[in-house]
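Each chain, letter by letter, is given below.
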Amino acid sequence: MKSILLFALLAIANLVSAQADTAGVNKFITMFKSQLSNFQVGKIEEHYDEGYFKTLSESDYFDKDFEVGITSIYQKCAGKDETISKQEINSFFEQHKSLKIQRKEIDSKMTDFNFMKSYLKIRLYSDQLKPQYENHGIVKSSYNGCIEVIVLDLPSGTGSVERKYLDTWKKTEAEIFLLAKENTLVHLDQKFEKAGTAKTGEEFYLLSSDTDLFLTSLILDLKKANPPAGKFGTLISIPNNTVIVALPLNDKEKIQQFGLSFMGLTDFMYESKETKPISNNLFWLTGNEVFIIDKDLKNKMFIYPEKLKALIDK
């Protein structure tokens, strides 16, 4: 993964054509539907063009009226041969089966806060998924383009926690977020590593992992990951679920140039077919504070935070 990211950093590659993407998606859906018939999931309602199917009955794998996202399994199968892809699909269903068993066991103890509290963590998602979580889940938005969701971290996967348990546990949302944040950060020890320097001088740093589902939650306490500190702060982005990117700003005259380069890199990683997108927004880190950098796309300009603008105008 890091070699792919480094390649992206130093030579932004062309994305595959839309036609090829469509053909690949259609091929995957045909194979997925064929494999689906091997599992007793009952009747379903197809929404494959929207990236999911809905169960119309309960099974060993899913509850009734459950929306099963297939974007992640498509990403795992992308570029792999049919045999490997079928193995990935089979693992996908078996994992859901195990997760349902675990959830059933956990459900019997959900009212016992002392038992449940160690399972609570925060996972970062794109704010495009907010409608799926905000009605019943425990969600907040601290950063533009992202949402923080309280989840149960179980051996076979994660699942969001229903808001109704706040009353059962006699806990406030703030208390749960604070506890979940502590649980999440204590297990994260990754540090930013320099990935490379572009010919034009940009020094890119990555905080990355292909396996840690909670890596991007380090945005909640970036200093723990030792981000590079530039004289004029540091550009930060969270393009997908595997990486946080940083670019220190040490030359006032190159902030606009570096910002454009960083935006291109962020967009490239955000659109990657091998990962789950989070946000293509840009942020500015100064000290322990993180600010959004807005974009005026019509006039092709950045709208810098007041603190950064003051440094630039000095």
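Being a predicted model, the structure only gives us computed values, none of them experimental.

Q: For this particular structure, what's the right way to read the side chain of Ser 217?
A: With respect to the helices, strands and loops of the structure, Ser 217 is situated in the loop between β9 (203–208) and β10 (234–240). Among the residues examined, Ser 217 registers a relative accessible area of 0% and is labelled buried. A polar atom in the side chain of Ser 217 sits 2.7 Å from the backbone oxygen of Ile 122. When residues no more than four places from it in sequence are discounted, the contact partners of Ser 217 are Ile 122, Arg 123, Leu 124, Thr 184, Leu 185 and Leu 188.

Q: Please clarify how the sheet that holds strand β3 (residues 67–69) should be interpreted in this entry.
A: Two modes of strand pairing occur in sheets, parallel and antiparallel, and in both the strands are linked by backbone hydrogen bonds. With antiparallel pairing, three strands are arranged side by side in an open sheet as β1-β2-β3. Two strands close off the open sheet at either side, each with one partner strand: β1 (44–47) and β3. Direction aside, the axes of adjacent strands within the sheet are offset by 25° on average. Where strand β2 (residues 52–55) and β3 come together, three bridges link them in antiparallel fashion. Following the sheet pairing, Phe 53 is matched in β3 by Val 68.

Q: Just checking my understanding: could you explain helix α8 (residues 173–185) for this structure?
A: Along an α-helix, residues three or four positions apart point the same way, because every turn accommodates 3.6 residues. The end-to-end C-alpha distance of α8, which contains 13 residues, comes to 18 Å, matching closely the 18 Å that a straight helix rising 1.5 Å per residue would cover. Within the sequence span of α8, burial applies to Ile 176, Phe 177, Leu 179, Ala 180, Asn 183, Thr 184 and Leu 185. Contacts made by the buried residues of α8 are with α5 (113–116), β4 (120–126), β5 (139–140), β6 (146–154) and α7 (165–169).

Q: Explain the packing of aromatic side chains to me, please; I cannot follow it from the model alone.
A: The description of an aromatic ring pair uses the distance of the two centres, along with the angle that the planes make with each other. The full count for this structure, using the stated rule, is 22 aromatic pairs. Between the aromatic rings of Phe 28 and Phe 32, the centroid separation amounts to 5.8 Å while the plane-to-plane angle is 35°, which identifies the pairing as tilted. Pair noted here: Phe 28 and Phe 32 are both in helix α2 (residues 18–36), with a separation of four residues, about one helical turn. With centroids separated by 6.0 Å and ring planes inclined at 90°, the aromatic side chains of Tyr 143 and Phe 283 adopt a geometry described as edge-to-face. Of the two residues, Tyr 143 is situated in the loop between β5 and β6 and Phe 283 in strand β12 (residues 282–286); the sequence distance between them amounts to 140 residues. Among the aromatic residues, those joined into a cluster by ring pairs are Phe 28, Phe 32, Phe 39, Tyr 48, Phe 53, Tyr 61, Phe 62, Phe 66, Tyr 74, Phe 92 and Phe 93.

Conventions we followed
- Residues numbered from 1 in each chain as written.
- Predicted model: local features only at pLDDT ≥ 70, side-chain atom pairs only at ≥ 80, totals over all residues.
- Heavy atoms only, no water.
- Helix = DSSP H or I, 4+ residues; strand = E, 2+ residues; numbered from the N terminus.
- Buried < 20%, exposed > 50% of the residue type's maximum accessible area, 1.4 Å probe, protein only.
- Polar contact = N/O pair within 3.5 Å; in protein donor to acceptor, adjacent residues only side chain to side chain.
- Contact = heavy atoms within 4.5 Å.
- Pairing = 2+ DSSP bridges.
- Axes fitted to C-alpha atoms, helices over the stretch in contact; angles between N-to-C directions.
- Expected span 1.5 Å × (residues − 1).
- Phe/Tyr/Trp six-rings, centres within 6.5 Å; stacked < 30°, edge-to-face > 60°.

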